[in-house]
Amino acid sequence: MTLFSDQTFQNLTASDFQIGEYDHCTFLGCNFSNFNFHGASFENCSFKDCDLSNAKVSGVSFQKVKFERCKVLGVHFNSANPFLLEFNFQNCQLDYCNFFNLQLKKSIFQNCRLLEVDFSQTDLSGASFSGSDLSGTVFDRTNLEKADFREAIHYRLDPEINKVKGARFDLEGLPGLLGKWGIKIG
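This one's a predicted model, so the numbers in the text were calculated from it and none came from an experiment.

Enquirer: Quick rundown of the packing of aromatic side chains? Include the residues and the values.
Expert: For the coordinates displayed, the defined rule picks out 46 aromatic pairs. With a centroid separation of 5.3 Å and 75 degrees between ring planes, the pair formed by F17 and F32 is classed as edge-to-face. Of this pair, F17 sits in the loop between strand 2 (8-10) and strand 3 (21-23) while F32 sits in the loop between strand 4 (26-28) and strand 5 (41-43), and the two are 15 residues apart along the sequence.

As structure tokens, this is what we get:
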């Protein structure tokens, strides 16, 4: 497998991408929508202003990968290689993505839109959702201990079926925690 190290790739499309190992690489303004990344691995890489909508990531390795201002719609990250999986998403659209049953401790989802995302049975302990829109996002038997939901909006999670010890919330987020019981705030 070809190794690419310390390189910057700009404005690539799926037809330009070569499956290989990418280490400390940066992808700028690339369009990988609907692309099958099977066989690729990314370590310490950054994607900036890229479109990865509906990309196939089965078996793909993502270690310390950062996404900034990317459109990542409908990606099933739950099929990626779970070994040392680590993400940092900032100012991204992650609608309809699936993170089911992954170990994502201390992952960052900052100022992102996460509509209808599935975090069922995911370990998100210490994760940050600061400033994100979580409309319709599913938290079911999810570990959210010490997670940061300050400035996050539109989330609904049930403290009885999710682990939330030490998680941080704003007062404005109380309806997302108490909605199950029909309690009205304000």
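So that's the structure; there's more coming.
Enquirer: Could you give an account of the environment of T13, naming the residues involved and the relevant values?
Expert: Tracing the backbone through its elements, the reader meets T13 in the loop between strand 2 and strand 3. Taking the C-alpha atoms as reference points, T13 and D51, separated by 38 residues in sequence, lie 9.6 Å from one another. Within the structure, T13 has its side chain in polar contact with the side chain of S15 (distance 3.1 Å).

Enquirer: Go over the sheet that holds strand 3 with me, naming the residues and quoting the values.
Expert: What the four strands build is an open sheet, ordered 1-3-5-7; its pairing is parallel. Sheet topology places strand 1 (3-5) and strand 7 (61-63) at the edges, where each strand pairs with a single neighbour. The mean inter-strand angle of the sheet, taken between neighbouring strand axes irrespective of direction, is 10 degrees. In the sheet, strand 1 pairs with strand 3 via three bridges, with the strands oriented parallel. Bridge pairing in strand 3 places L3 opposite E21.

Enquirer: Could you give an account of the side chain of S132, naming the residues involved and the relevant values?
Expert: Its place among the elements puts S132 in the loop between strand 10 (108-110) and helix 1 (174-178). Only 2.7 Å separates the side chain of S132 from the backbone oxygen of F109, close enough to count as a polar contact. In this structure, S132 is in contact with F109, Q110, N111, C112, L114, E151, A152 and I153, ignoring residues within four places of it in sequence.

Enquirer: Lay out the state of the cysteines in plain terms, naming residues and giving numbers.
Expert: Scanning all chains against the criterion turns up zero disulfides. Residue C112 stays outside any disulfide, its sulfur separated by 4.8 Å from that of C92, the closest cysteine. Under the relative-accessibility criterion, C112 is labelled buried at 3%.

Enquirer: I'd like a description of the environment of Q103, backed by residues and values.
Expert: Looking at where Q103 falls in the secondary structure, it is placed in the loop between strand 9 (87-90) and strand 10. Contact partners of Q103, with chain neighbours within four places excluded, come to L85 and D123.

Enquirer: Break down the sheet that holds strand 6 (residues 46-48) for me, citing the residues and quoting the values.
Expert: The strand order 2-4-6-8-9-10 describes an open sheet built from six strands, whose pairing is parallel. Edge positions in the sheet fall to strand 2 and strand 10, since each has one partner strand and no second. The mean angle between the axes of side-by-side strands here comes to 10 degrees, regardless of whether they run parallel or antiparallel.

Enquirer: So what about unusual backbone geometry? Which residues, and what values?
Expert: Apart from glycine, the bulk of residues carry a negative phi angle, and the bulk of peptide bonds sit in the trans form. Even without being a glycine, N11 presents a positive backbone phi close to 55 degrees. With respect to the helices, strands and loops of the structure, N11 is situated in the loop between strand 2 and strand 3.

Enquirer: Could you give an account of the pairing of strand 9, naming the residues involved and the relevant values?
Expert: Because side chains alternate across strand 9, one face comprises the buried residues F87 and F89, and the other comprises N88 and Q90, equally buried. Examined bridge by bridge, strand 8 (residues 65-68) and strand 9 share four bridges and lie parallel to one another. Within strand 9, the residue paired with K66 across the bridge is N88. Bridge count between strand 9 and strand 10: three bridges; the pairing is parallel. Looking at strand 10, one finds that N88 is bridged to I108.

Conventions and cut-offs
Residues numbered from 1 in each chain as written. Predicted model: local features only at pLDDT ≥ 70, side-chain atom pairs only at ≥ 80, totals over all residues. Heavy atoms only, no water. Phe/Tyr/Trp six-rings, centres within 6.5 Å; stacked < 30°, edge-to-face > 60°. Helix = DSSP H or I, 4+ residues; strand = E, 2+ residues; numbered from the N terminus. Polar contact = N/O pair within 3.5 Å; in protein donor to acceptor, adjacent residues only side chain to side chain. Pairing = 2+ DSSP bridges. Axes fitted to C-alpha atoms, helices over the stretch in contact; angles between N-to-C directions. Contact = heavy atoms within 4.5 Å. Disulfide = S-S within 2.5 Å. Buried < 20%, exposed > 50% of the residue type's maximum accessible area, 1.4 Å probe, protein only.

Note that all results are geometric; they support no functional claim without further evidence.
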